[in-house]
Amino acid sequence: MPSVHRRTGSPFWQGAFTDASGRRCQRSTMEREHAAALAVTERWQREADALTVTPESPIALANAPALLENFVSLTQRAKAGTLTVADARGLMSELLAASGQDRLRNETTREFLEKFVAEKTKARAQGTALRYKRIVADFLKHLGRRADMPLGNLTARDVQEFRDHELDRGVSNASANMAVKVLRVPLNTARRQGLLTTNPAEAVDSLGHEAATRRAFTLAELRALLAAADGEWKGMILVGYYCGFRIQDAANLRWSNIDFERQVIVLRPGKERRDRKAHKRETTILPELLKWLEAHRGVGNAPLFPTLAGKRSGGDFGLSLTFRKLMRKADVAYENVAPEGAKKAFFNLGFHALRHSHVSHAANAGVPEEIRREHVGHASDVHEGYTHRDTAAIKRAFAKMPRLIPKGA
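Residues numbered from 1 in each chain as written. Predicted model: local features only at pLDDT ≥ 70, side-chain atom pairs only at ≥ 80, totals over all residues. Heavy atoms only, no water.

Caption draft 1: Seen up close, the nonpolar core. Counting residues in hydrophobic clusters, the biggest one holds 50 residues, and the most contacted among them are Phe 217, Trp 233 and Phe 323. If you list the elements that add at least two residues to this core, you get helix H8 (219-228), helix H9 (231-243), helix H10 (247-251), helix H11 (287-295), helix H12 (319-329), helix H13 (352-364) and helix H15 (391-398). At 8 residues, H9 tops the list of elements feeding residues into this core. The residues touching Phe 217, leaving out its near neighbours within four places in the chain, are Leu 222, Leu 225, Phe 323, Met 327, Val 332, Leu 349, Gly 350, Ala 353, Leu 354, Ser 357 and His 361. (Core = buried A, V, L, I, M, F, W, Y, C linked by side-chain atoms within 4.5 Å. Buried < 20%, exposed > 50% of the residue type's maximum accessible area, 1.4 Å probe, protein only. Helix = DSSP H or I, 4+ residues; strand = E, 2+ residues; numbered from the N terminus. Contact = heavy atoms within 4.5 Å.)

Structure representation (structure tokens):
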């Protein structure tokens, strides 16, 4: 029978009950009132009776006494306000194991996030994978010792404090929002796998910010760039403008990517995920670019731009900085339009603006939107899986665009 009694020196009533193995146990009820203490002890006794292994038992678990001991300890922690999610998950894991099922996964935040980054590195484009890796590493460093606690202990406050820490470091609101957005992805995976009941990153609101935007080059600026460029950079500008390729995709082109017979470039953009069907593989070679390619025709797997292939886009000697030097040489003015306080510069003109320029000039020339989107590989809702156009049709559409290189030049 359950009973309660006082212990000298303690303000709380002690509860006595018989556990599932028949052993008499005593625990503090953490209650100061007799009736409340007795109610707690009677509940413990009911739990013990339910776990007792007899032919008539509602359940039969070999480790019933240990489970009951754990349960009693957790009720005491709950009463004291020290019960954690990890404690509750531990008991649930033991119950599952006792009933012959798999234990709950109880990975630490560090273990889960590092494993997630390793898996995504195989599936994502290189630039995206590096962003995931950097943000996760910064987040784990910010968490300190909490990174080695169970993932279930992670809270929205942890994510928000990391975002605020990023702001204190001098990053822009947009970059801080990106960090939270990246963390939402693995934490959503953890929620779907049952490791979290909610995604703590989803409870962190995005910060307002004024988005920086690029502009398109004017025709005069494009012609000035071509006049100032040497052979390789002239080809790079034509590829960037007429194909809309990003700078590293353009610099790393090989002659094996060029199909002169069909007049297309066969290339999957580096930014696309590797675990999904390719969105864009072939790009029609428009006349002015075709003329340059035929004049510099190479063979096999040799690079189109030998001195540029393999270079990084960023850094002091990267492709982007080299292109900005070319803009200065051509007297093409550009400016940093990043929001005030942003740690990283954002220029309104750069190599990527060639892509903007192509789309803008094609639109002004009346090229249909679905053809523009398909040509540069933008996502579209125009039933792209059912739309197939031949090279001649695409060339006719783009024939309305103004020439960059005068005839006969």
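Caption draft 2: Main features of the environment of Gly 90. Inspection of the secondary structure assignment puts Gly 90 in helix H3 (residues 85-98). Overall, the relative accessible area of 28% leaves Gly 90 in the partly exposed class. As for Gly 90 and Asn 70, which are separated by 20 residues in sequence, their C-alpha atoms are 9.4 Å apart.

Caption draft 3: Focus on helix H14 (residues 369-376). By the burial criterion, the buried members of H14 are Ile 371, Arg 372, His 375 and Val 376. Buried residues along H14 cover an arc of 115° about the axis, so they all sit on one side. Once H14 ends, the next one or two residues include Gly 377, with phi positive near 80°. (Arc of directions from axis to C-beta.)

Caption draft 4: Spatial organisation of the pattern of salt bridges. Counted under the stated rule, the structure contains 10 salt bridges. Measuring nitrogen to oxygen at the nearest pair gives 2.8 Å for the salt bridge that ties Asp 158 to Arg 146. Highlighted residues: Asp 158 in helix H6 (residues 156-169) and Arg 146 in the loop between helix H5 (126-143) and H6, separated in sequence by 12 residues. Asp 158 sits in the buried class, given a relative accessible area of 7%. Judged by its relative accessible area of 32%, Arg 146 falls in the partly exposed class. In this structure, Arg 262 and Glu 282 form a salt bridge, with 2.7 Å as the shortest nitrogen-oxygen distance. Linking Arg 262 in the loop between strand S4 (258-259) and strand S5 (264-266) with Glu 282 in strand S6 (residues 282-284), this pair joins segments that are 20 residues apart in sequence. Residue Glu 282 is classed as partly exposed on the basis of its relative accessible area of 36%. One network of salt bridges, with partners in common, ties together Asp 259, Arg 262 and Glu 282. (Salt bridge = Lys/Arg side-chain N within 4 Å of Asp/Glu carboxyl O.)

Caption draft 5: Summary view of the sheet that holds S4. If you walk across this open sheet you meet the 3 strands as S4-S5-S6, and the pairing is antiparallel. Both outer strands of the open sheet, S4 and S6, are each paired with one neighbouring strand and no more. (Pairing = 2+ DSSP bridges.)

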